[in-house]
Structure formats: C-alpha cells, structure tokens
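Examining the three-dimensional arrangement
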Amino acid sequence: MANTTVSLFIQCLVDSMFPEVGEAMVTLFDRLGIPCRFPPDQTCCGQPAFNSGYRREAADAARHFIAVFEDAEVIVCPSGSCVHMVRHAYPLLFADEPAMLARAEAVAARTFELSQYLVDQLGLVEVGASYHGTVTYHDSCHLSRGLGVIDQPRQLLKGVEGLTLIEMRDSDTCCGFGGTFSVNYPEISTAMVDTKIDNILASGAGAVVGCDISCLMNILGRLSRRGEPVQVLHLAQVLAGAGQGGGQ
Amino acid sequence: MNSEEKFFATVRTALGQAADGERPAKLFPQLFASPDPRPALARIAARGPAELAELAETLLAAATENRITTYQVSSLAEAEAVVVELVRQTDPEFSHTRHLLCHDHPDIAGLRLWQRFSRESVAVHTSFSQDQQLREKTIAACIGITAPEIAIAETATLVEISGPGRPRSTSLVPSIHVALLRSEKLVADLEEAYALLGQRQQLDSFVFVTGPSKTADIEATLVHGAHGPCELHIILLSEPTLPGDTAHSAQPAESAKQREDTPESTAPPEAG
Amino acid sequence: MNRPSQSNYTREAIKGIASTTLQTNLRSFQERLGQGAMRMWVELADPEKRRRVKASRMRTLDHLDIILASLAEKVRARGGRVYFAETAQDASDYILAVARKNQVKRVVKGKSMTSIEIGVDPVLEAAGIEVVETDLGEYIVQLAGEPPSHIIAPCIHLDRRQIGRLFADQLGIDYSEDPPTLTRAARHALREKLLSAEMGLTGCNLACAETGQISLVSNEGNIRMATTMPPVHVAVMGMERVVATMAEHRETLQLLTRGAVLQKISTYVSFVGGPADTPGETREFHLVIVDNGRSKILADPEFREVLACIRCGACLNICPVYGKIGGHAYASAYCGPIGAVVSPLLEGINKHADLCKGETLCGACKEVCPVENDLPRMLSALRHKLAYGSDQWDTRQMNPAEAFAFRLWRHLVTRPALYRAGLRLAALLQRPFIGKNRMISRMVGPAAGWTDSRDLPPIARQSFAARWRQKHPPTPDVAKKTAENSGEEKV
Ligand code: SF4
C-alpha cells in the first residue's frame, strides 16, 4: 500500500493561496517514501458552484476532475470538504447519467483526505515529525460530520514528538466559513468565527491545527484582524516538520 | 367534488396516484400492522410480588427525579392517613374552603374521606358523571384525587384514563394532584403501557402524567406549577394478600382488574 | 455574489447578534439541549430506533391519503368533526365559523406553529374575538407584541428583567424579576382566561390513525386546560403530522421528547379525539387538517423528506447560525434549520431566498435530528432552484450576476491553461491591496464582505502547481498531456 503512487489533489485554495501546505504534504510523503505525482491539469473540484446551487457548472468541473484523476491509483487531498464533494456530491450530480455516475463512483472510492489516507489506508500514526509546542485542533464540518474523520488527525498529532494537543471547547462547531456564505453574510460569519477564536484562545494553545484550508483561512483572517498571535497551521505542515521547533 | 374530495385528490396526485383512485385502507394491511403485543402482555401478567416490588423501587427513584412526592402504604387505612395529613397542611390556592375532588373509584371511596372530614371545614366531592355542578367543584378544589389504571415505573408516569366518573380535569385543575396507585398497576416501560392501552376496546381520552406541571420559559429557570398542579403526590399501595406477607406482595393484575369492574355500590354519599 | 446587506434576514441577524440577552440564553440553551441531544443519540440503547422511526415517517408520507382517511373516519366515529383545509384561508375561515356558531368571545391557545402559519389569530381578532396565548413563553411574547423566537422556548430573546417590566406594565403586578413569582402571576392571570374561554385552539404533535386521536405534548398543562375546559376544542394540524399505529406513535413520541428537551417523556402527553364524557368539559372537538402547500412538497421527491419532521426543535439547538442570529431573522412561523427549508417551500423560495442561502451547510442539524432529516441536502437543492429558477416551484433565478460569475468560473476551471492565466492575473490585480503584514485588509466589490472584519491572505506569487513543475520538469509523457498548459508561471 505504501508504495502505491499517490496522485496529489491540491485544493484550489491551497494551490493558489497556501502552496506551502501542498509542499508540506510532498515533504511528508517523501519522508515516508510514498511516491507521488501531481496531475497538472487539475483545477477545482466544483464545490463553490455546487454549494451555491450551480449544479450544471459544478457538474462540468466534476467532469474535468474525473478526466484528470481517472487513471490515478489513489488520490489524496489536504482538504476534507473537497473529498466530501467528490465522494458525496458527485454521485448526486450524475444521478441521471449512469455512465458518468459509474466513473464518478470509481474515482470517489479512491479519493482520500490526508489524515484519512495515512491512518485508515496506511495504518500510520507516527510519521517521524516533531513539533515543540501546544496545539489545539479544529474539526472541519465536512471532514468530521461528512466523512466521519475525527480521530485520525488527533492520532497523528499525538504521534508528533514534542507536541501537546489541547482540546478546545466545541472543536466541532462550524467556524462560519461556508464558502460564499462568508462573503454574503459577513456579520453572521464573523460572529461564528469569533466564538471559534474565543475557544481557541481559551484553550491556551500556541497554534490551531486543521485539515481544511478554507476554515483555516477564515480563522487566520479573523485572528489577524483581531491581532491575536496564535499560529494557524494545516495538519500537513505539522506532520512535515521534522526536528524543527514550533512555528515552522 | 366537495372540498374534502378535492383535498384527497390533490394528495393522491402528489403521490403519483390517480386523483380519483381512492385507496381503501383494507388493501394496505401492512400499513396498520403492529408488532405483536403478546410478549409484553405476558411479561406483565407473569410478574410476581418480587418483580412488582422491583418496579416499585424504580418508580420511587424516578419519582424523586421528577419532583413527585411518594408514600408507600400497605393498606387503605394508611393511605387515608396520608391524605388527611396532606389536606390539613394545604392552603387552598383558589378558594377559601378546602375542597377535595375525588374520582369515582372504589379505592378512593374506600378512604372514606367524607367521614374523616365530617367535622372539619373540608368539602369532599366525588366526580359523579351526572353532577351538573362538577365544573364548579373542580375549579374550587385544591386537591384532586385519582386512582390511575396504569403507571410506568421507568419514568414514574401515571396513565390517567378518563371516562364517566373519571373526568380529565381532576388531575389537572386542582393545585395538588394525589394519585392512589396500587402496585399491581405498575408496568416497566412505555412499551408495556401501550400494550395494555391497546387491549382496551374503545380507547377513551387519556393522558400520561409525569410530575407536577412545570415551565422553564423564563431564562430556562425551572419553575413548578405552571398551569396544572403545583404538586404531585403518589401514594403507592402494596396490600399484603395474607397476614405475614411483605408489604410489597400484591394480587396479580388480573384479579385487580376484576375488582375494579365490580359495580360500585359502595360509592360514598356526596359530602359538602 | 451581491451582498444582500439590506435584506431583512441580515438586519434581524445583526440585531440578534447585538443582543447580549439572546446570545447568553441561546448559548446556554444550545450547550444544554443541542449538545445534550448529540450525546444522547450516541448513547441511545436502541440505535436503530431513529432509522425505524424515519422509515415509518416516510412510509406514512407515501400513503398519506390512506392514513388521513382512516384518521378522519376514526375521529368521526368518536364524535369529533374533521375538516380538510386546502389553504390557510380555508382553515382560518372554518375556525372562525366554528367560533361564530358557538358565540365564542375568547379563544385560549396552546402553542401551535401551524396556527401561526395559517394566520388564524388576526382573523379571529378581526371578528372581535380575544385570542390569548397560554403557553408561558408564548404569552410573554404576545404581551410584548413580538413573534416567538424558538419552537420550544418562544421568549428566549428576553431576560427576566424585561419580562418583569412587561408583567408590571401589562398585568399590573409589582415589579419582580423572580421567575417563580412571574410564573405565579401568569398562572393566575391565565387560569382565569383558560376557565372562561369558550374555545381552545391547539396544534397537534402527532395524530394516530389507528385510534383516531391526536396527541399533545406539554410541560405546563396549558394545553390540557385548553383541550378540556372550554366547551369547544379545535386542533389544527399540518397534514403530515400523523402516524398510522400506536406502536409507531410510541417510538416517534420517544424521539420527540428526547430531541426537544432530552426528556424520556414530557410532563403531559394527552390523547384526545372527541368530546369529553363529563359535563362541564369539552363537548365539541374539531380537527382541522391543513395542506397549505404541503402537497406540493409531498410531490417533489427531493423535498418529501422534510415532511418527516416531528418539530422537536433539536436542529435549532445545535445550529451555529441560529445560535447567533436567533429566531426573528427567519421571518416565518418556523425558524432554525427546519424553518430554513420548510418556510421557502411553504411560502415561496424567492421570498425566503436568504433562508436558503444563509447557512454554512455544516451538517450539525442532520446529525442531531431524531429522524435524521437531511436538511443540508435540501438547502442545497433549494439553492439549485434559485440558481436557475424553477417552473415547478414558481421560482425565478435569484441573482443573474452570480449566475454569470459561475458560468465564467466554469469556463476557467475546465480549461487549465486559462485557469492558470486567470490566477496570475488575479495575483497581479491584488497587489495594491496587500499590506505590510502580507495580508489584504480591504477589498472592493463582493469580497468587501470578507475584509470588513477579516484579513485575506493574498494569492501566492507562485502557485503549488508552478512550484511542482519547477522541481519536477515534465517528462515527455506528461508534457504531451499538458501541451496546452503552456502559460504556467515561472518565477
Ligand atoms: S428537522 Fe429534525 S431536528 Fe429539526 S425540528 Fe424537525 S425533527 Fe426536529
């Protein structure tokens, strides 16, 4: 299993705004000796359109995604919501197109979120990372409720040398991102992320770790505006860190 | 087509049926099929004194959780003493005199409350179904006494079944509700209670009562005594069948039922 | 992607967020009940129960004509009357006619959302009939002249001081902020109304076709009063609020009280279906079964599931959006996640477009729902109607500009080279906005919604794709596949 070539599915936000998260994933896979490739024609899984109701557009994005990843042995993505989209929305989009549906389901069955892949597929919880400091973990909705991935990231974090995981209150309550929701209803979205941030601060952890850059971007943006010094890290960044101090 | 036919036509169309294609219930027996109640009924019938005593313990514990005051008695005379004491302590909430309203039930009649209070300013009424002043008496009453047919141990829930002589309002309108409960009436859980209810031919109106009335509408602060009774008292009567039996030993549920069905020739006179 | 900042939803939401009373009350309410319910489902001794009840709810809906006919037959056999109302107007007219025939001057109500949906109160009031809410919370909001803001806690937006002042003004009692004292004051004021009213008007939690009864769940006892003491009792029910058998009733009831307030059973569960046997108690019973748009929901396989709802309110107790904005923003009889789905379906998707769009689809409501209603799926389906318009639902396309933007987006995401070029262009355009902290703190256009309260990380100078290509120059095999992807950034 460990020598299966992983096709990296780099969420569009990671690709464009947080490329270091994608690089961290590559560093991690290199260290673990997991071969990986990056299909260069990938763009976006279609989630923004789907969540806004634009299913035709989302379906076209999905068709593109399927064409790009169809020949992949296994597809791993640093974002729970994109994996959720592929696994749970694609079948809905192609409900009336049996041929596409079959292709979509075949791709969906091989698509995993990072922590899910490491723990459930490879049976890894210790990946040789070290991080000196305290972190708290935010459960992204589509990862925890949608894919049922709750323990896997925590197991991985606990396997990091020097890292202390402090649970925050209501770690699984939505951060208020919600895609276009955050832009269309900024007041509600901000009230929600403020509660999330209050809980992060109350945990006393030096950093908040998550598995979905959309939530992290929301948290980061509000932390930055509030001038709070807590660090925001993607799980991949923590797992990639070997022998480095906190804050890498 | 009248409005009701039209309503049904719309529903049928929505379900993809022909608008005028009435679907008779008897062609869909599986819709109304229920799990067999016999195992539950058998469980109830097979309960001996020891099991009933266990259920009584469960009920007493659940009652405390639900703010129900409980008394364990082994004779009607003891029950009577409890009621008398309670009446003497009660300040009427809605009238000057203390009015008691009792369901027309042999056990309650057996308390002979009208005799006990004949020399006090306590009015004892029985809810005879022909009484045209019943409403006024109910409204004036500070205590309503019932003898529930079924009680659920798990949650300390009384099943009050209304009928002639047993109005709905007795357990509702007076400030205090007292239930005289024979331990043979205990069942384990809601499932058993439904099984018994299902055995009755024409089910009257009935109500599950679990604790005194309450509200938490103001800042989620729990307050007892919203619109119904402020207090609920359960007098659990476990009559020994033979001298020397423990207090919890009881007659089987069957004979208890028969006793209830006997004509109520011992009904007390109306006292005032 | 216009900011609907002027919408009523946003305005009321902002008010809710600004109210410290609401925030405190909602928070403790959600912590206790919402999270409590989540834990309870995990610990439920019989985890199949939720699935069984859901299946029986769906089976009932699939055979609703049969089950309603048998309900009506049984109620009539008990001496009750049944009226089937196609519209809200029909239902209100019927209730008014019953009131007139019985010379009703005062109606006491038990909490009923369906009665709010059909708008019967104003109809009765216009005919000179006094309408009194008797649930304590409903009574308080009625005195305050406000709509309720939670299914089971209607005055969750008010604190004890506000209620104390209200009672002092309206009931003429001495000011008090002690909940027991206030409750007692309402008990006495309402007892008089409950005992003198000629008509009780209630909803129906669950009707049972097998026995021809409706059942009503309450803790206060007001509903028992309203169904017992006035000579006439009228119950209104949405046509889906029925179960076929007592066995189904039991399990559904168990989920209802658990979902609503974590109780194994509520203080009172009453079953009524006809006139009382006792003189001086209710002598006339009317059951008004309301369609008012439900048949349209029933007909649409995408939405039929929402009719499985048992109105327990659990989804309100977990929803992080409701937890911030409270009930008034929903501007409908039904609030919270269930309201966000059912109000647009009953009253118009365009009218309630904000309810369809104003959630994050976090999925908590589905998880807490005793019958596992997939509200996020249905919200997404509603957005689908808004995206393109729908004849079936009389719905217009909500936002042509947004639709255009997504068409453009499709053009880009299906053409990798163009997509990459677009990203580079965006990276260029954003430059003037990037501040010293490498964050964008002010954007124009729709994105201003983000930057009004949050910083925005900029688009990276070099994308992951570009960095990868730098380290892994394309092999001839891959190069062929990406021949058209020629414009990649090389910085
Ligand atoms: S949708 Fe589910 S949780 Fe919400 S009110 Fe209905 S039954 Fe309860």
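Residues numbered from 1 in each chain as written. Chains lettered and ligands numbered in written order. Predicted model: local features only at pLDDT ≥ 70, side-chain atom pairs only at ≥ 80, totals over all residues. Heavy atoms only, no water.

Attention shifts here to the overall build of chain A. The secondary structure content of chain A amounts to 13 helices and eight strands. For chain A, whose C-alpha radius of gyration is 18 Å, the value lies close to the compact-globule estimate of 18 Å for 248 residues. Over its C-alpha atoms, taken along the principal directions, chain A stretches across nearly 50 × 45 × 25 Å. Counting the 248 residues in chain A, one finds 65% classified as buried. For chain A, contacts bridging at least 24 residues in sequence account for 81% of all contacts bridging at least 6. (Helix = DSSP H or I, 4+ residues; strand = E, 2+ residues; numbered from the N terminus. Rg over C-alpha atoms; globule rule 2.2 N^0.38 Å. Buried < 20%, exposed > 50% of the residue type's maximum accessible area, 1.4 Å probe, protein only. Contact = heavy atoms within 4.5 Å.)

To continue, consider the domain arrangement of chain A. Residue and element names in this part refer to chain A. Per the domain assignment, the segments making up chain A are domain 1 (6–120) and domain 2 (125–240). Centre-to-centre, using C-alpha coordinates, domain 1 lies 21 Å away from domain 2. Listed by partner, the interface residues are 31 residues for domain 1 and 26 residues for domain 2. Surface buried jointly by domain 1 and domain 2 totals about 2200 Å² across both partners, of which 68% is contributed by carbon and sulfur atoms. (Domains from an automatic or database assignment. Buried area = accessible area lost by both parts, 1.4 Å probe.)

All right, on to the environment of Ala-85 of chain C then. Mapped onto the elements, Ala-85 of chain C comes out in strand β1 (residues 81–85). Classification of Ala-85 of chain C as buried rests on a relative accessible area of 0%. For the pair formed by Ala-85 of chain C and Ile-325 of chain C, sequence separation is 240 residues and the distance between their alpha carbons is 34 Å. Residue contacts for Ala-85 of chain C: discarding those within four places in its chain leaves Phe-7 of chain B together with Asp-90, Ala-91, Val-288, Ile-289, Val-290, Asp-291 and Asn-292 of chain C.

Further remarks concern the arrangement of the chains. Contacts are most numerous between chains B and C, considering all two pairs of chains that are in contact. Separated in space, chain A and chain B share no contact, their closest pair of C-alpha atoms being 20 Å apart.

With that out of the way, let us pick up the interface of chain B and chain C. Tallying the contact residues gives 68 residues for chain B and 91 residues for chain C. Contact between chain B and chain C buries roughly 6700 Å² in total, counting both sides, with carbon and sulfur atoms accounting for 60%. Between Lys-6 of chain B and Glu-86 of chain C there is a salt bridge whose closest N-O contact spans 3.2 Å. Our count for the chain B to chain C interface comes out at 34 residue pairs in polar contact (both at pLDDT 80 or more). Secondary structure elements with two or more residues in the side of chain B that touches chain C: α1 (3–14), α7 (134–140), α8 (190–199), β9 (206–209) and β10 (214–215) of chain B. Residue contributions to the side of chain B that touches chain C peak at nine residues, all from α1 of chain B. Partitioning the side of chain B that touches chain C into residue classes produces 32 nonpolar, 22 polar and 14 charged. The sheet contact formed by β9 of chain B and strand β9 (residues 268–272) of chain C spans four bridges and is antiparallel. For Val-207 of chain B, the partnering residue across the bridge sits in β9 of chain C and is Ser-270 of chain C. (Salt bridge = Lys/Arg side-chain N within 4 Å of Asp/Glu carboxyl O. Polar contact = N/O pair within 3.5 Å; in protein donor to acceptor, adjacent residues only side chain to side chain. Nonpolar A, V, L, I, M, F, W, Y, C, P; charged D, E, K, R; others polar. Pairing = 2+ DSSP bridges.)

All right, on to the sheet that holds strand β8 (residues 242–243) of chain C then. Strands sit in the order β8(B)-β5(B)-β6(B)-β9(B)-β9(C)-β6(C)-β5(C)-β8(C) across an open sheet of eight strands; the sheet is mixed. Because the sheet does not close on itself, it has two edges, and the strands there are β8 (186–187) of chain B together with β8 of chain C. Relative to β8 of chain B, strand β5 (residues 150–152) of chain B is paired through two bridges, and the arrangement is parallel. The partner of Ala-151 of chain B across the bridge, within β8 of chain B, is Leu-186 of chain B.

Now for the nonpolar core. In this structure, Phe-208 of chain B together with Leu-68, Leu-71, Ile-289 and Val-306 of chain C are the most contacted members of the largest nonpolar core, which totals 129 residues. The greatest single-element share of this core, amounting to eight residues, is contributed by helix α2 (residues 20–43) of chain C. Beyond its immediate stretch of four places on either side in the chain, Leu-71 of chain C contacts Ala-207, Cys-208, Ala-209, Gly-212, Gln-213, Met-237, Val-242, Leu-287 and Ile-289 of chain C. Judged by nonpolar contacts, the second largest core, of 108 residues, contains Cys-12, Phe-65, Tyr-117 and Cys-175 of chain A. (Core = buried A, V, L, I, M, F, W, Y, C linked by side-chain atoms within 4.5 Å.)

The next point concerns the pattern of salt bridges. Taken as a whole and judged by the stated rule, the model has 58 salt bridges over all chains. Taking the shortest distance from any N to any O, the salt bridge between Arg-63 of chain A and Glu-97 of chain A comes out at 3.0 Å. Taken together, the residues Arg-63 of chain A in helix α4 (residues 55–69) and Glu-97 of chain A in the loop between α5 (80–93) and α6 (98–109) connect sequence positions 34 residues apart. Measuring nitrogen to oxygen at the nearest pair gives 3.4 Å for the salt bridge that ties Lys-264 of chain C to Glu-154 of chain B. Placement of Lys-264 of chain C in the loop between α12 (246–261) and β9 and of Glu-154 of chain B in the loop between β5 and β6 (157–161) is noted, with the two residues assigned to different chains. The exposure class assigned to Lys-264 of chain C is partly exposed, which follows from its relative accessible area of 43%. Within the structure, one salt-bridge network assembled from shared partners comprises Glu-57, Asp-60, Arg-63 and Glu-97 of chain A together with Arg-410 of chain C.

This brings us to the site of the ligand. Surveying the vicinity of the ligand reveals the residues Cys-309, Ile-310, Arg-311, Cys-312, Gly-313, Ala-314, Cys-315, Ile-338, Cys-369, Pro-370 and Leu-375 of chain C. Residues that form the shell around the ligand fall into these classes: nine nonpolar, one polar and one charged. (Near = heavy atom within 4 Å.)

This brings us to the packing of aromatic side chains. What the rule picks out here adds up to 26 aromatic pairs over all chains. With 4.8 Å between their ring centres and 55° between their planes, Phe-7 of chain B and Phe-84 of chain C make a pair best called tilted. You can see Phe-7 of chain B sitting in helix α1 and its partner Phe-84 of chain C sitting in strand β1, one on each of two chains. Residue Phe-7 of chain B shares its accessibility class with Phe-84 of chain C, and that shared class is buried. An angle of 40° between the planes, with centres 6.2 Å apart, marks the rings of Tyr-322 of chain C and Tyr-330 of chain C as tilted. Here Tyr-322 of chain C matches Tyr-330 of chain C in class, with each residue buried. Among the aromatic residues, those joined into a ring-pair cluster are Phe-181 and Tyr-185 of chain A together with Tyr-9, Tyr-322 and Tyr-330 of chain C. In this arrangement the basic side chain of Arg-224 of chain C is found over the ring face of Tyr-268 of chain C, its NZ or CZ atom lying 4.8 Å from the centre. The side chain of Arg-454 of chain C reaches across the aromatic face of Trp-450 of chain C, ending 4.4 Å from its centre. (Phe/Tyr/Trp six-rings, centres within 6.5 Å; stacked < 30°, edge-to-face > 60°. Lys NZ or Arg CZ within 6 Å of the ring centre and 35° of its normal.)

On to the packing of α8 of chain B against α12 of chain C, then. The description of two packed helices rests on the angle between their axes and on the distance between the axes. Viewed as axis vectors pointing N to C, α8 of chain B and α12 of chain C meet at an angle of 150°, and their least axial separation amounts to 10 Å. In terms of orientation, α8 of chain B lies roughly antiparallel with respect to α12 of chain C. Every pair of crossing elements has a handedness; the one defined by α8 of chain B and α12 of chain C is right-handed. Along its contact with α8 of chain B, which presents Leu-190, Glu-191 and Tyr-194 of chain B, the element α12 of chain C presents Met-246, His-249, Arg-250, Leu-253 and Gln-254 of chain C. Among the residues forming the contact of α8 of chain B with α12 of chain C, the class breakdown is four nonpolar, two polar and two charged. (Axes fitted to C-alpha atoms, helices over the stretch in contact; angles between N-to-C directions. Parallel < 35°, antiparallel > 145°, perpendicular 65-115°, else oblique. Left-handed = near helix turned anticlockwise from the far one by under 90°.)

Glancing now at the pairing of strand β3 (residues 122–126) of chain B. Residues and elements named next belong to chain B. Most of β3 is tucked away: five of the five residues are buried. Here β3 shows a buried face lined by Val-122, Val-124 and Thr-126 and a second buried face lined by Ala-123 and His-125. Both strand β2 (residues 98–102) and β3 contribute to a ladder of five bridges, which runs parallel. By the bridge assignment for β3, His-99 is matched with Ala-123.

All names here are of chain A. Reading across the sheet, the four strands line up as β2-β1-β3-β4 and stay open at both edges, with parallel pairing between neighbours. The sheet is open, and its two edges are formed by β2 (36–37) and β4 (111–113), each paired on a single side. Bridge analysis of strand β3 (residues 74–77) against β4 gives three bridges, and the strand direction is parallel. Each residue of the ladder has a partner; that of Val-76, found in β4, is Phe-112. Lying over the sheet, α5 contacts β3 and β4, oriented at roughly 155° with respect to β4.

Our next topic: the pairing of β6 of chain B. Residues and elements named next belong to chain B. Among the five residues of β6, five are classified as buried, and the element is accordingly described as predominantly covered. With burial as the criterion, each face of β6 is covered, one bearing Thr-157, Val-159 and Ile-161 and the other bearing Leu-158 and Glu-160. As paired elements, β5 and β6 share three bridges and run antiparallel to each other. Residue Ile-152 lies in a different strand from β6, and its bridge partner there is Thr-157. If you look at the hairpin formed by β5 and β6, you'll find four residues sitting between the two strands, and Ala-156 has a positive phi there, around 55°.

Residues and elements named next belong to chain C. Under the 1.5 Å per step criterion, the end-to-end length of helix α16 (residues 336–347) is 16 Å for twelve residues, consistent within 8% with the ideal 16 Å. Counting buried residues in α16 gives eleven out of twelve residues, a clear majority hidden from the surface. Taken as a whole, α16 has its buried residues at Gly-336, Pro-337, Ile-338, Gly-339, Ala-340, Val-341, Val-342, Ser-343, Pro-344, Leu-345 and Leu-346. (Expected span 1.5 Å × (residues − 1).)

This next bit is on the interface of chain A and chain C. At the junction of the two partners, chain A supplies 68 residues and chain C supplies 76 residues. Across the interface of chain A and chain C, roughly 6100 Å² is buried in total on both sides, 58% from carbon and sulfur atoms. On the chain A side of the interface with chain C, the three residues burying the most area are Tyr-54, Tyr-185 and Arg-225 of chain A, jointly 12% of the side's total. At the junction of chain A and chain C, the tally comes to eight salt bridges. Of the charged contacts, one joins Glu-23 of chain A and Arg-467 of chain C as a salt bridge, the two residues approaching to 2.8 Å between their closest N and O atoms. Scanning the region where chain A abuts chain C turns up 35 residue pairs in polar contact (both at pLDDT 80 or more). Residue contributions to the side of chain A that touches chain C peak at nine residues, all from helix α11 (residues 186–203) of chain A. A class-by-class count of the residues in the side of chain A that touches chain C yields 29 nonpolar, 23 polar and 16 charged.

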